[in-house]
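Fold and contact review
Below are the chains, spelled out letter by letter.
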Amino acid sequence: QVQLAESGGGLVQPGGSLRLSCAASGFSLEYYAMAWFRQAPGKEREGISCISSSDGSTDYADFVKGRFSISRDNAKNTVYLQMDSLRPAGTAVYYCAAPAIAGTSCDWLRGGLETVWGQGTQVSDSS
């Protein structure tokens, strides 16, 4: 019933750009903080960015700060991740995530609360 669907991944050259989309169904995005994660081959899943639903404040991992930007469009029930200046190390499956219970704060990511995950979208280095 509650689902997240990522799209927009693909093959990209170093220094290139992609915009990922995450469409939510079964719930209203307006009342949920949203986050992006990625998992590279042989590595643990790591957080990229999060955006709150209350004031739109954002949080970024150091390794993407200044290059990636998270945004949301509540009318479209969609969250985005604009990725610029992509590097080969960015090759990974990218996932969007939301708290299983409505919440406005990104604190859920560190609070041990249940998370709903999308199926992921692949971003790969073209080199």
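Residues numbered from 1 in each chain as written. Predicted model: local features only at pLDDT ≥ 70, side-chain atom pairs only at ≥ 80, totals over all residues. Heavy atoms only, no water.

**A closer look at the pattern of salt bridges**
- Under the criterion given, the structure shown has 3 salt bridges.
- Notably, a salt bridge pairs arginine 38 with glutamate 46, separated by 2.9 Å at the nearest N-O pair.
- Residue classification places arginine 38 among the buried residues on the basis of a relative accessible area of 9%.
- Between lysine 65 and aspartate 62 there is a salt bridge; the shortest N-O distance is 3.6 Å. (Salt bridge = Lys/Arg side-chain N within 4 Å of Asp/Glu carboxyl O. Buried < 20%, exposed > 50% of the residue type's maximum accessible area, 1.4 Å probe, protein only.)

**Observations regarding the sheet that holds strand S3 (residues 18-25)**
- Pairing in this open sheet of 4 strands is antiparallel, and the strands run S1-S3-S8-S7 from one edge to the other. Every other strand in the sheet has two partners, leaving strand S1 (3-7) and strand S7 (68-73) as the edge strands with one partner each. Between one strand axis and the next, the sheet turns by 15° as a mean value, whatever way the strands run.
- Bridge count for S3 against strand S8 (residues 78-83) is 6 bridges, and the pairing is antiparallel. Within S8, the position partnered with leucine 20 by the bridge is leucine 81. (Pairing = 2+ DSSP bridges. Helix = DSSP H or I, 4+ residues; strand = E, 2+ residues; numbered from the N terminus. Axes fitted to C-alpha atoms, helices over the stretch in contact; angles between N-to-C directions.)

**Focus: the side chain of glutamate 6**
- The residue glutamate 6 is located in strand S1 in this model.
- Within the buried core, glutamate 6 has no salt-bridge partner, and the shortest N-O distance to an opposite charge, that of arginine 45, equals 7.9 Å.
- Here the side chain of glutamate 6 touches cysteine 96 through a polar contact of 2.8 Å, landing on its backbone nitrogen.
- In this structure the side chain of glutamate 6 is engaged in a polar contact, spanning 2.8 Å, whose partner is the backbone nitrogen of glycine 120. (Lys, Arg positive; Asp, Glu negative; His and termini not counted. Polar contact = N/O pair within 3.5 Å; in protein donor to acceptor, adjacent residues only side chain to side chain.)

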